[in-house]
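# An overview of the molecular structure
Now for the letters of each chain:
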Amino acid sequence: MSEPVIAQTAPFVLEMEPGTYWWCRCGKSQDQPFCDGSHKDTEFTPIEVAITEKKRIAWCGCKHSEDKPYCDGTHKNLR
Ligand code: FES
Ligand code: FES
């Protein structure tokens, strides 16, 4: 599998409302950390996430987390 684009070497920490979201796995979206369809010419597809209650989430921005779509600190090894 090819490598995703590193959108940023830090998480996107956001206060999330309940709902369904699609985390960008390819790193090409202009609407990070979410998918905007830019993956269409890549082998990547977004990860669907259902959020049931309001909470703060640290979405992985580097796209290399072992716990996608969440930041697990892997970005520290990419700087
Ligand atoms: Fe990156 Fe859709 S734009 S997965
Ligand atoms: Fe990707 Fe932290 S931003 S692991």
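Reference entry: report on the structure contained in this document. (Residues numbered from 1 in each chain as written. Chains lettered and ligands numbered in written order. Predicted model: local features only at pLDDT ≥ 70, side-chain atom pairs only at ≥ 80, totals over all residues. Heavy atoms only, no water.)

### Focus: the side chain of His64
With respect to the helices and strands, His64 occurs in the segment after β4 (55–59). When its relative accessible area of 19% is taken as the criterion, His64 is described as buried. At 2.8 Å, the side chain of His64 and the backbone oxygen of Cys62 are in polar contact. (Helix = DSSP H or I, 4+ residues; strand = E, 2+ residues; numbered from the N terminus. Buried < 20%, exposed > 50% of the residue type's maximum accessible area, 1.4 Å probe, protein only. Polar contact = N/O pair within 3.5 Å; in protein donor to acceptor, adjacent residues only side chain to side chain.)

### Concerning the environment of Lys63
Relative to the assigned elements, Lys63 resides in the segment after β4. Along the primary structure Lys63 and Pro33 are separated by 30 residues, whereas in three dimensions their C-alpha atoms are 9.4 Å apart. Residue contacts for Lys63: discarding those within four places in its chain leaves Pro4, Val5, Ala7, Trp23, Cys24, Arg25, Gly27, Gln32, Pro33 and Lys68. Within the structure, the side chain of Lys63 is placed 2.6 Å from the backbone oxygen of Cys24, a separation counted as a polar contact. Among the polar contacts listed, one links the side chain of Lys63 to the side chain of Gln32, at a separation of 2.8 Å. (Contact = heavy atoms within 4.5 Å.)

### Observations regarding the pairing of strand β3 (residues 47–51)
The alternating pattern of β3 places Ile47, Val49 and Ile51 on a buried face and Glu48 and Ala50 on a face that is not buried. Judged from the five bridges that link them, strand β2 (residues 19–23) and β3 form a sheet pairing that is antiparallel. Of the residues in β3, the one forming a bridge with Trp23 is Ile47. (Pairing = 2+ DSSP bridges.)

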